[in-house]
Amino acid sequence: EMQSNFSHIWITRCVVFRLINYWGFDVLSFDVDAIVLKNIQPILDENRDADAIGSFGVYPFRLHRQWGVTFCMGVALFRSSEYTELLWETVSQVAPDSM
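First, a word on scope: everything that follows refers to the structure included in this document. This structure is a prediction, so every number in the text was calculated from the model and none was measured.

**Quick notes on the sheet that holds strand β3 (residues 70–78)**
Spatial ordering of the open sheet is given by β1-β3-β2, a layout of three strands whose pairing is antiparallel. Unpaired on one side and paired on the other, β1 (27–30) and β2 (52–57) mark the two borders of the sheet. Ignoring strand direction, the axes of neighbouring strands in this sheet form an average angle of 40°. As judged from the four bridges shared by β1 and β3, these two strands associate in the antiparallel manner.

The structure is reproduced here in structure tokens:
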């Protein structure tokens, strides 16, 4: 299992995103190495009912083995909704064990 000295950054990012959602705002996030080549607005417009938009990932590996999928945070949208709050609650329960 890969361990990272930067795991605290992942957890901090999730806490900040959750707070922003709690305050009623949506979060659109890009990793510093994510280069946007096209306007993503059409994707967001086509998926107005989605509470979270992103791509499939494989990390944390333990959760990927357990759930079969994880959420890649390279480019991600988290809308402020009751379902996103359920997502953040799940993340808060598994985050310490998945690092």
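Further notes follow.
**Digging into the environment of Phe-78**
Structurally, Phe-78 can be placed in strand β3. For Phe-78, a relative accessible area of 1% gives the class buried. In contact with Phe-78, not counting residues within four places along its chain, are Phe-17, Asn-21, Asp-26, Val-27, Asp-51, Ala-52, Phe-71, Met-73, Thr-84, Leu-87 and Trp-88.

**Focus: the side chain of Thr-84**
Tracing the sequence through the fold places Thr-84 in helix α4 (residues 82–98). Within polar-contact distance, the side chain of Thr-84 engages the backbone oxygen of Asp-51 at 3.3 Å. A distance of 3.0 Å separates a polar atom in the side chain of Thr-84 from a polar atom in the side chain of Ser-81. Residues contacting Thr-84, with those up to four places away along its chain left out, are Asn-21, Asp-51, Phe-78 and Arg-79.

**Observations concerning the pattern of salt bridges**
Following the criterion strictly, the structure yields four salt bridges and no others. The closest approach of N and O atoms between Arg-13 and Asp-31, which form a salt bridge, is 2.7 Å. Placement of Arg-13 in helix α1 (residues 7–22) and of Asp-31 in the loop between β1 and α2 (41–46) is noted, with a sequence separation of 18 residues between them. Here Asp-31 falls in the partly exposed class, since its relative accessible area comes to 25%. A network of salt bridges, in which partner residues are shared, links Arg-18, Glu-85 and Glu-89.

About the criteria used
Residues numbered from 1 in each chain as written. Predicted model: local features only at pLDDT ≥ 70, side-chain atom pairs only at ≥ 80, totals over all residues. Heavy atoms only, no water. Pairing = 2+ DSSP bridges. Helix = DSSP H or I, 4+ residues; strand = E, 2+ residues; numbered from the N terminus. Axes fitted to C-alpha atoms, helices over the stretch in contact; angles between N-to-C directions. Buried < 20%, exposed > 50% of the residue type's maximum accessible area, 1.4 Å probe, protein only. Contact = heavy atoms within 4.5 Å. Polar contact = N/O pair within 3.5 Å; in protein donor to acceptor, adjacent residues only side chain to side chain. Salt bridge = Lys/Arg side-chain N within 4 Å of Asp/Glu carboxyl O.

By themselves, these figures tell us nothing about what the structure is for.
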